[in-house]
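# Results of the structural survey
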Amino acid sequence: MRLDRRTLLAGAAAAVSRGGDARAQAMPAEPLRTVGAGLEIVDLWPALPPGGGGPVAADGRFDETREGVITNVTRPCLLVVRPRKPNGAAIIVAAGGGYRRIDIGNEGVPVANWLAAAGITAFVLIYRLPGEGWAAGPAAALQDVQRALRVVRADAPTFGVDPERIGLLGFSAGGHLVGEAAVRSAHPSYPPTDDRDALSARPELAGLIYPVITLRPPFDRTSTRRVLVGETPTLAQAAAYSVDTHVRERSPPMFLAQSADDPIAVVDNSLIMYSALRNALIPTELHLFERGGHGYGLGVPGSPAAAWPGLFLTWMRRRGFLRA
């Protein structure tokens, strides 16, 4: 058989490739260093979450990519970021991801670190994703955030937290979840599991950053709507899982921030929520930025939307939420 130069080169390359594969198999895999690695973990439920079902995570709690994208939430929990000089305030942070994933690498841990730098004890909420086979379905995430508020309130002395100064902060679908928890705090989304569930699930305040608010047409082209109520929900179903329809007089004060050019959760979401809060005489502050898009977390430095963190801190301080 005649071997030309091209054939010899191809054979040599294949041999090198095979050798490289063998060496790679012989070497131990580098441990995956994730965004949430090393943080204190507090499980939400004493056993299985209400109703059961759900996926199985490789590490028993949830799967996380190197970039901090979480799926397969088996055991909902809180990741705790403690400040060096706590001021007694606590914020539970719900990152977004369309209820298909939780992006703690962008909207979770960096936000918690920023809050801790301001003296606030931060808790990143790892909530169940409704589409991952939970028997509770679209109620699963609401159950988790209500339980999180009660767990933090019950264990407030352990965390150095004032039980009357616990707030929520959510982004995108996490903003929907936070909004729902804020306006439906009295809703019994699950049967009591222990003494903690006798405590209030009402937050002192809530921040909603580029949130999904309504699942009704014509603003229903979101993953949040598809996951929670399906492709062709009735108007009643869409209204039931829209945040603005549940605003009542006991809803807590809220801070809203969004960019006018948001292509995913269009700016009408914040406008609808602001109108509902204003009609119910709920103290609220709304900031709209000309540019910023969606999913910017703390904001791109120098962009208009990067102003929201400072505005949020000022708002909380003005409300007496931040005290020495």
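This structure is a prediction, so every number in the text was calculated from the model and none was measured.

## Structural notes on the nonpolar core
Formed by 89 residues in total, the largest nonpolar core has its most connected members in Ile92, Ile126, Leu169, Trp308 and Met316. It is helix α4 (residues 140-154) that provides the largest number of residues to this core, a total of 7 residues.

## Some points on helix α10 (residues 308-318)
Buried residues of α10: Trp308, Pro309, Phe312, Leu313, Trp315 and Met316, and no others. Buried residues in α10, looked at end-on, bunch into an arc of 160°, giving them a common side. Buried residues in α10 make contact with β5 (90-94), α3 (109-117), β8 (166-171), β9 (206-209), β10 (254-259) and β11 (284-289). In the stretch just after α10, Gly320 is the one whose phi turns positive, near 80°.

## Remarks on the environment of His294
Within the fold, His294 resides in the loop between β11 and α10. Those residues in contact with His294 that sit more than four places away from it in its chain are Ser172, Tyr210, Asp262, Pro263, Ile264 and Ala265. One polar contact links His294 to Ser172, side chain to side chain, over a distance of 2.8 Å.

## Some thoughts on the pattern of salt bridges
Applying the stated criterion to the full structure yields 14 salt bridges. Where Asp197 meets Arg147, a salt bridge forms, and the shortest distance between an N and an O atom there is 3.0 Å. Of this pair, Asp197 sits in the loop between α6 (173-183) and β9 while Arg147 sits in helix α4, and the two are 50 residues apart along the sequence. Here Asp197 matches Arg147 in class, with each residue buried. Residue Glu180 pairs with Arg184 through a salt bridge whose shortest N-O separation is 3.2 Å.

## Digging into the side chain of Gln146
Within the secondary structure layout, Gln146 lies in helix α4. Of the residues examined, Gln146 reaches a relative accessible area of 1% and is grouped as buried. A distance of 3.1 Å separates a polar side-chain atom of Gln146 from the backbone oxygen of Arg184. Ignoring any residue separated from it by four or fewer positions in sequence, one finds Gln146 in contact with Arg184, Ser185, His187, Ser189, Tyr190 and Ala201.

## Quick word on the confidence of the model for the chain
Taken over all residues, the pLDDT of the chain has a mean of 90, while the share at 70 or more is 90%. Here residues 1-31 scores under 50 on pLDDT; set against residues more than four positions off or in separate chains, the count is 1 contact.

## As for the environment of Leu215
Tracing the sequence through the fold places Leu215 in the loop between β9 and α7 (223-229). Look at Leu215 and you get buried, because its relative accessible area is 0%. For the pair Leu215 and Val243, spaced 28 residues apart in the sequence, the C-alpha separation amounts to 8.6 Å. Once you skip the residues sitting within four places of it in the chain, Leu215 turns out to touch His176, Asp220, Thr224, Arg225, Leu228, Val229, Ala238, Tyr241 and Ser242.

## Quick notes on the packing of aromatic side chains
Taken as a whole and assessed by the stated rule, the structure comprises 11 aromatic pairs. With centroids separated by 5.1 Å and ring planes inclined at 55°, the aromatic side chains of Phe255 and Phe312 adopt a geometry described as tilted. Highlighted residues: Phe255 in strand β10 and Phe312 in helix α10, separated in sequence by 57 residues. Residue Phe312 is classed as buried on the basis of its relative accessible area of 0%. Here the aromatic residues Trp114, Phe171, Tyr210, Phe255, Tyr296, Trp308, Phe312 and Trp315 are joined through ring pairs into a cluster of three or more. The ring of Trp134 is capped by Arg128, whose NZ or CZ atom sits 5.2 Å from the centre of that ring.

## What about the side chain of Thr74?
You can see Thr74 is positioned in the loop between β3 (69-71) and β4 (77-81). Residue classification places Thr74 among the buried positions, given a relative accessible area of 18%. A polar contact is formed between the side chain of Thr74 and the backbone oxygen of Pro55, at a distance of 3.1 Å. Sequence-distant contacts of Thr74, that is, excluding residues within four places in its chain, are made with Pro49, Pro55, Val56, Ala57, Gly60, Arg61 and Trp134.

Cut-offs and rules
- Residues numbered from 1 in each chain as written.
- Predicted model: local features only at pLDDT ≥ 70, side-chain atom pairs only at ≥ 80, totals over all residues.
- Heavy atoms only, no water.
- Core = buried A, V, L, I, M, F, W, Y, C linked by side-chain atoms within 4.5 Å.
- Buried < 20%, exposed > 50% of the residue type's maximum accessible area, 1.4 Å probe, protein only.
- Helix = DSSP H or I, 4+ residues; strand = E, 2+ residues; numbered from the N terminus.
- Arc of directions from axis to C-beta.
- Contact = heavy atoms within 4.5 Å.
- Polar contact = N/O pair within 3.5 Å; in protein donor to acceptor, adjacent residues only side chain to side chain.
- Salt bridge = Lys/Arg side-chain N within 4 Å of Asp/Glu carboxyl O.
- pLDDT = per-residue confidence, 0-100.
- Phe/Tyr/Trp six-rings, centres within 6.5 Å; stacked < 30°, edge-to-face > 60°.
- Lys NZ or Arg CZ within 6 Å of the ring centre and 35° of its normal.

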